[in-house]
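Residues per chain, in single letters:
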Amino acid sequence: MNPVPLYSEFPVFLKRYFTDKVQKISLNAGFTCPNRDGSKGNGGCTYCNNQTFNPDYCKTDKSITMQLEEGKRFFSYKYPEMKYLAYFQAYTNTYSELAGLKRKYEEALGVEGVVGLIIGTRPDCMPDELLRYLENLNRRHFLLVEYGIESTNDETLKRINRGHTFAETIDAVERTAACGILTGGHVILGLPGETSENIVDQAAAISRLPLDTLKMHQLQLVRGTRMAYEHVKHPEDFHLFEVDEYIDLVIDYIQHLRSDIVLERFISQSPKELLIAPDWGLKNYEFTARLQKRMREKGAYQGKLYAG
Ligand code: SF4
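Not measured: the values here are computed from a predicted model. (Residues numbered from 1 in each chain as written. Predicted model: local features only at pLDDT ≥ 70, side-chain atom pairs only at ≥ 80, totals over all residues. Heavy atoms only, no water.)

1. Quick word on the overall build of the chain
Reasoning step 1: Counting its secondary structure elements, the chain contains 10 helices and 9 strands.
Reasoning step 2: What you see for the chain is a C-alpha radius of gyration of 19 Å, in line with the 19 Å of a compact globule of 308 residues.
Reasoning step 3: Along the three orthogonal principal directions, the C-alpha set of the chain runs to about 55 × 45 × 40 Å.
Reasoning step 4: Split into buried and exposed, the 308 residues of the chain put 53% on the buried side.
Reasoning step 5: Within the chain, counting contacts between residues at least 6 apart in sequence, those at least 24 apart form 82% of the total. (Helix = DSSP H or I, 4+ residues; strand = E, 2+ residues; numbered from the N terminus. Rg over C-alpha atoms; globule rule 2.2 N^0.38 Å. Buried < 20%, exposed > 50% of the residue type's maximum accessible area, 1.4 Å probe, protein only. Contact = heavy atoms within 4.5 Å.)

Here it is, written out as structure tokens:
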């Protein structure tokens, strides 16, 4: 008998769809964000400095094709047979008129070796007209729409100036999943005002959403953000996790999570020159190895404490 897996892993999930190795290439498609341009809010989310999103190979003055070709050159060096997912990551990648969005998505799909799209966006930026188009696209290509959820707590969402509520997240995730589109979420663990207990409690609300994938990461204080300024003024409002403490929080969280939600990542690493704290100096794979070791020691696995 196979042992219970520690958690649902993203590479295993991708193998359901692709026989070749698949790599995401992050894009900056030149979108903006309604929480920055005044249509939803001004100033953006308090933790956001969009410079942290993009590797060097994707600058806005480069076309989508150029960014993808550069990304491909970078990755195909090791695996020439690699296939690619165009990851529309920076800002809000559904925030434009439909014709322009179609042009950008279809440009990416026209690049050789690109086998699908991942589109990152906000829950308040998925009009039905766009969803109908994506539903159709999804019949022909791999597609995953990824929503920034961040917290299930409306007080927290207000405090970090997200400009949307958790009810809007429920609506967007449900509408997207109902179209048969793979639907992902992103949460930040450790937002100001949330205790470890509050955070773990949120796993139940996340589990009720028809999500296929979930990314989580620790709260990071990033230079040039409103949150960095708030931290200077009121450090008592923040708890910046030590790595082992965060590992225990993640374990607790995922034990309360539905077991079939695929967990794509657990940490994020802002560029060193922008990161104020916490600076754990750990690569993604190093963190994952420590997390898995600790899970085995504790006999923990995803969904173990999920109430259903
Ligand atoms: S985190 Fe996303 S939604 Fe928030 S301000 Fe930055 S780009 Fe906009």
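So, next bit.
2. Some words on the pairing of strand β1 (residues 22-27)
Reasoning step 1: Extensive coverage of β1 is indicated by the burial of 5 of its 6 residues.
Reasoning step 2: Alignment of β1 against strand β2 (residues 83-88), held across 6 bridges, turns out to be parallel. From the neighbouring strand, Lys24 faces β2, where its bridge partner is Leu85. (Pairing = 2+ DSSP bridges.)

3. With respect to helix α9 (residues 243-255)
Reasoning step 1: An ideal rise of 1.5 Å per residue puts 18 Å on 13 residues; α9 measures up with 18 Å between its terminal C-alpha atoms.
Reasoning step 2: Within the sequence span of α9, burial applies to Val243, Tyr246, Ile247, Leu249, Val250, Ile251, Tyr253, Ile254 and Gln255.
Reasoning step 3: Elements in contact with the buried residues of α9: β5 (182-189), α7 (196-208), β6 (213-218), β8 (262-265) and α10 (284-298). (Expected span 1.5 Å × (residues − 1).)

4. Thoughts on the packing of aromatic side chains
Reasoning step 1: Taken as a whole, this structure holds 12 aromatic pairs when the rule is applied.
Reasoning step 2: Ring geometry for Tyr17 and Phe142: centres 5.3 Å apart, planes at 70°, overall edge-to-face. Remark: Phe142 occurs in strand β4 (residues 142-150) and Tyr17 occurs in the loop between α1 (10-15) and β1; sequence separation between them is 125 residues.
Reasoning step 3: The exposure class of Phe142 is buried, given its relative accessible area of 8%.
Reasoning step 4: Members of the aromatic cluster, joined through ring pairs, are Phe10, Phe13, Tyr17, Phe18 and Phe142.
Reasoning step 5: Just above the ring of Tyr87 sits the side chain of Lys24; from NZ or CZ to the centre is 4.6 Å.
Reasoning step 6: Residue placement shows Lys104 over the ring face of Phe31; its charged tip is 4.5 Å from the ring centre. (Phe/Tyr/Trp six-rings, centres within 6.5 Å; stacked < 30°, edge-to-face > 60°. Lys NZ or Arg CZ within 6 Å of the ring centre and 35° of its normal.)

5. Re the environment of Ser63
Reasoning step 1: Mapped onto the elements, Ser63 comes out in the loop between β1 and α2 (64-76).
Reasoning step 2: According to the relative accessible area criterion, Ser63 is partly exposed, its value standing at 31%.
Reasoning step 3: Taking C-alpha positions, Ser63 is 9.8 Å from Ala108, a pair spaced 45 residues apart along the chain.
Reasoning step 4: Here the side chain of Ser63 touches Met66 through a polar contact of 3.0 Å, landing on its backbone nitrogen. (Polar contact = N/O pair within 3.5 Å; in protein donor to acceptor, adjacent residues only side chain to side chain.)

6. Describing unusual backbone geometry
Reasoning step 1: A cis geometry characterises the amide bond from Ala277 onward to Pro278, with omega recorded as -10°.
Reasoning step 2: In this fold, Pro278 is placed in the loop between β9 (275-277) and α10.
Reasoning step 3: Unlike most non-glycine residues, Tyr91 shows phi in positive territory, near 60°.
Reasoning step 4: Looking at the element boundaries, Tyr91 is found in the loop between β2 and α3 (98-109).

7. Some remarks on the pattern of salt bridges
Reasoning step 1: One pass over the structure, following the stated rule, counts 21 salt bridges.
Reasoning step 2: Residue Asp124 pairs with Lys40 through a salt bridge whose shortest N-O separation is 3.7 Å. Placement of Asp124 in the loop between β3 (114-121) and α4 (128-138) and of Lys40 in the loop between β1 and α2 is noted, with a sequence separation of 84 residues between them.
Reasoning step 3: The class for Asp124 is buried, based on a relative accessible area of 15%.
Reasoning step 4: Asp260 is paired through a salt bridge with Arg258; the nearest N and O atoms lie 2.8 Å apart.
Reasoning step 5: Taking relative accessible area as the criterion, Arg258 reaches 15% and is therefore assigned buried.
Reasoning step 6: A network of salt bridges, in which partner residues are shared, links Asp248, Lys293, Arg294, Glu297 and Lys298. (Salt bridge = Lys/Arg side-chain N within 4 Å of Asp/Glu carboxyl O.)

8. Focus: the nonpolar core
Reasoning step 1: With 79 residues, the main nonpolar core has Phe88, Leu134, Met216 and Tyr253 as its most contacted residues.
Reasoning step 2: Per element, the largest residue contribution to this core is 8 residues, and it comes from α9.
Reasoning step 3: The residues contacting Tyr253, other than those within four sequence positions of it, are Val187, Leu189, Ile199, Val200, Ala203, Ile206, Leu214 and Met216.
Reasoning step 4: In terms of nonpolar packing, the next biggest core, distinct from the first, is built from 12 residues, Phe10, Phe13, Leu14 and Leu85 among them. (Core = buried A, V, L, I, M, F, W, Y, C linked by side-chain atoms within 4.5 Å.)

9. As for the sheet that holds β4
Reasoning step 1: Read from one edge of the open sheet, 7 strands run β1-β2-β3-β4-β5-β6-β8, paired in parallel fashion. The open sheet has two edge strands with one neighbour each: β1 and β8. When strand polarity is set aside, the average angle formed by the axes of neighbouring strands in this sheet is 25°.
Reasoning step 2: Where β5 and β6 come together, 6 bridges link them in parallel fashion. (Axes fitted to C-alpha atoms, helices over the stretch in contact; angles between N-to-C directions.)

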